[in-house]
Amino acid sequence: YFAGRGPFSWTEVRAMMQTMHFHLAALAFLLSSSLPVGSAVASREGDACEGDGSMMLQLLHSHSHQGRDASPLCAELSDGRLRRLAGGPYTEEDVGKVACNMAANIFENGTIIASPSTGIEKIHNYPGGSSINQNNYYYMWQRDAGLTMRTLLRVAKGGPMVSKQLENYASLYHEIWSKPTPNKNCWPGRPGDGWCSILGEVKFFVNGSVYNQPWNRAQNDGPAINAMVLMELLSEGKADPTSLENAKVDIIRALNYVGGMELDSTIDPWEMVYGQHYYVQSIQHRAMAMGADLAQKEGWEGVDNFPLWVPMLSHLVEQHWNVTSGVIGETNARTWFNLQGPKCLSSSDEGANGSTVRTLPCELDVAVLLGSLSARAGHGLGSAVQAVFSPHDSRTLATAYHLVESMAQAYEVNSIDDDAGLPGVLIGRYPGDEYSGVIMEPADSNDVCSGYNCASAWFLATHGLAEVIYATAVAVAKGDMKADGMNRHYLLAAMDWALPKAQRGRSKALPGTAKKLAKKLINGGDGVLARAKHHASSDLHMSEQIYRGDDKLPGVTPGEMIGARDLTWSYASLLDALASRADAVEAVSAISS
């Protein structure tokens, strides 16, 4: 009856009716079932599979999640305490919005979901009934959750709601880590033949149970990241004695696992390759340095190996510097190249595939920049042990330069932004990245894009690039680094990112003083953040990716947000970048002349 009476076809009317019926069924199921939220099966790099009633519950939870305007944590983060982070393209009001968007994915019981996307949200419909959808990220990943907690503590530690969140997070992890994993498909070994530890598990349902479907396991950055979070709980000392004792037990257990597995390969942060990864090992090194320091100060038992593992991990991190190609390579000791290409300069070439001649350098990956940022020595625990490759190390900056060169020019969206006069640049994870961030519906539909270069620019990758620029500005202002032949190209490029493309390349010399150089670097970082912000929504919601264009996903507009919506890591990476920007501004202000 309604079909043809207005703008809707029968297919569209039927879809609306099915959606309404689905929501009513979900409500009825919720009222009549005790099934815990979070039992659906999905993959970050694959298709979403709907469980019997659990996907309906996840959907219902997702919709109520969207409707929450302001949690107590949001109210605290937007009360002006993050004022220090305002600057460049972000006002104080903007910072509050970003923090609240992140807080919407943080539940009071300690759970932190990667995204509210459940796999049914459509990005674009195609003739014949197929569509590309956001992937299902409605889970708590160890990595994403731990990094988010570290960001929260970095920018707002001491607030009553932040302290409560930290205690609840620690309590949740103590419960999770206390149970054995049901999984047996961990490398090395064939699926079903490996040995798995709950500490190396990838992600958890929102009811706290471990994800029990096939996946690339183990991922051994998770226990290191979360050991560092738990050390913050101990240093704060506000929790009850039982919680503090549990945190101590969990830290020791996690670091003994990390140390015992340090010579073994693991899965990379993008969950595709088994090998030894810079990102993982650099974070493990920092966690072990902090743990060894804390154990010594507190007189803990059962930790004799901690100080011995620190130099061993340092040596493993050092092995990622490739003198021949002049970059820090993300992965050593690879076992395959079929799921993830070699990440060479030539991997971004049009039509590149597994047979493309590899133009050095290879193993280029933004995970190197993110690992260097996460592995920095702070002012507290483990500060006497410096990072092997700091963000401002000339080798890190040379790697960053090649990363940008390998990806930026391959994205149509960068050309469009350049023509519009925007400053900055957008980058993704690595050259030739295969992961488009979308899934097909129906699941048996042909992929609209497969193989090399289906992926787009990422918010978190671009934010990470900006933070490296700000961290470099801090080092310049404090006299901790100087220009040299290895970092010069990067420094000139970073200064140029403050400008529209038409105005770049005019300066062939670096400023003569540290203060001038640091200021220009801050402006360059601002330009990078400004370009990423241009692609966020008006209320600063940020998905996983910014569509690259080049007709990789027909029907989608270049620059449109794609992938999982409201990605928690997108927000956390921005707040981290703004915190480093504030550090840079303060460091420059401290220079007398």
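To start, this report covers the structure provided alongside it. (Residues numbered from 1 in each chain as written. Predicted model: local features only at pLDDT ≥ 70, side-chain atom pairs only at ≥ 80, totals over all residues. Heavy atoms only, no water.)

1. Here's the deal with the sheet that holds strand 1 (residues 122-125)
Then, number 1: Taken together, the 3 strands give an open sheet; going across it, the order is 1-2-10, and neighbouring strands pair in antiparallel fashion. Looking at strand neighbours, the two that pair on one side only are strand 1 and strand 10 (438-441), the edges of this open sheet. Looking at each pair of strands side by side, their axes are set apart by 25 degrees on average, direction ignored.
Then, number 2: Sheet analysis places strand 2 (residues 131-134) next to strand 10, joined by 4 bridges and oriented antiparallel. What sits directly across from N133, in strand 10, is I439. (Pairing = 2+ DSSP bridges. Helix = DSSP H or I, 4+ residues; strand = E, 2+ residues; numbered from the N terminus. Axes fitted to C-alpha atoms, helices over the stretch in contact; angles between N-to-C directions.)

2. Describing the environment of N207
Then, number 1: Within the element layout of this structure, N207 appears in the loop between strand 4 (203-204) and helix 7 (222-236).
Then, number 2: When the C-alpha atoms of N207 and T111 are compared, they prove to be 8.5 Å apart, with 96 residues separating the residues in sequence.
Then, number 3: In terms of polar contacts, N207 uses its side chain to reach the side chain of S209, at 2.7 Å. (Polar contact = N/O pair within 3.5 Å; in protein donor to acceptor, adjacent residues only side chain to side chain.)

3. Regarding the packing of helix 11 (residues 367-374) against helix 14 (residues 459-477)
Then, number 1: Viewed as axis vectors pointing N to C, helix 11 and helix 14 meet at an angle of 55 degrees, and their least axial separation amounts to 9 Å. Between helix 11 and helix 14, the angle falls in the class oblique. For helix 11 against helix 14, the interelement crossing comes out left-handed. Taking contact as the criterion, the partners of L369, L370 and L373 in helix 11 are, on helix 14, L460, G464, L465, E467 and V468. (Parallel < 35°, antiparallel > 145°, perpendicular 65-115°, else oblique. Left-handed = near helix turned anticlockwise from the far one by under 90°. Contact = heavy atoms within 4.5 Å.)

4. Focus: the packing of helix 9 (residues 278-298) against helix 11
Then, number 1: The contact between helix 9 and helix 11 brings their axes to 8 Å, and the two run at 5 degrees. Considering the angle they form, helix 9 stands roughly parallel to helix 11. On helix 11, the residues that touch Y278, Y279, S282, I283 and R286 of helix 9 are A367, V368, L370, G371, S372 and S374.
Then, number 2: Classifying every residue of the contact of helix 9 with helix 11 gives 6 nonpolar, 4 polar and 1 charged. (Nonpolar A, V, L, I, M, F, W, Y, C, P; charged D, E, K, R; others polar.)

5. A few points about the packing of aromatic side chains
Then, number 1: This model, assessed by the stated rule, comprises 15 aromatic pairs.
Then, number 2: Between the aromatic rings of Y139 and F205, the centroid separation amounts to 5.6 Å while the plane-to-plane angle is 50 degrees, which identifies the pairing as tilted. Placement of the pair is Y139 in the loop between strand 2 and strand 3 (140-141) and F205 in the loop between strand 4 and helix 7, with a sequence separation of 66 residues. The two residues Y139 and F205 agree in class, both being buried.
Then, number 3: Ring centres of Y211 and W215 lie 5.3 Å apart, and the angle between their planes is 80 degrees; on these two criteria the pair is classed as edge-to-face. (Phe/Tyr/Trp six-rings, centres within 6.5 Å; stacked < 30°, edge-to-face > 60°. Buried < 20%, exposed > 50% of the residue type's maximum accessible area, 1.4 Å probe, protein only.)

6. With respect to the state of the cysteines
Then, number 1: Within the structure shown, the criterion is met by 4 disulfides.
Then, number 2: Each disulfide pairs two cysteine sulfurs, and for C74 the partner residue is C100, the sulfurs being separated by 2.0 Å. Of note, the bridge from C74 to C100 carries an S-S torsion of about 85 degrees and is right-handed in sense. Remark: C100 occurs in helix 4 (residues 92-103) and C74 occurs in helix 3 (residues 72-77); sequence separation between them is 26 residues. Judged on exposure class, the residue C74 and its partner C100 are both buried.
Then, number 3: Each disulfide pairs two cysteine sulfurs, and for C449 the partner residue is C454, the sulfurs being separated by 2.0 Å. With the S-S dihedral at roughly -90 degrees, the linkage between C449 and C454 falls on the left-handed side.
Then, number 4: In this structure C449 comes out as buried when scored by relative accessible area, which is 16%.
Then, number 5: Taking the relative accessible area as the measure of exposure, C454 reaches 1% and is therefore buried. (Disulfide = S-S within 2.5 Å.)

7. Here's the deal with the nonpolar core
Then, number 1: Of all hydrophobic cores here, the largest spans 152 residues; its most connected members are L77, Y90, Y279, L465, Y490, W497 and L521.
Then, number 2: The element that contributes the greatest number of residues to this core is helix 14, accounting for 13 residues.
Then, number 3: Not counting the four nearest positions on each side in its chain, Y490 is found in contact with L397, A400, Y401, L465, V468, I469 and W497. (Core = buried A, V, L, I, M, F, W, Y, C linked by side-chain atoms within 4.5 Å.)

8. Describing the pairing of strand 1
Then, number 1: With 3 bridges joining them, strand 1 and strand 2 adopt antiparallel strand pairing. Across the sheet, the residue bridging to N125 is S131, located in strand 2.
Then, number 2: Counting the residues in the hairpin turn of strand 1 and strand 2 gives 5 residues, including G128, whose phi is positive at 95 degrees.

9. Re the pattern of salt bridges
Then, number 1: A complete count under the given rule lists 25 salt bridges for this structure.
Then, number 2: Close ionic contact of R154 with D576 constitutes a salt bridge, the shortest N to O distance being 3.2 Å. Of this pair, R154 sits in helix 5 (residues 142-156) while D576 sits in helix 17 (residues 568-589), placing them 422 residues apart in sequence.
Then, number 3: Assessed through its relative accessible area of 34%, R154 is described here as partly exposed. (Salt bridge = Lys/Arg side-chain N within 4 Å of Asp/Glu carboxyl O.)

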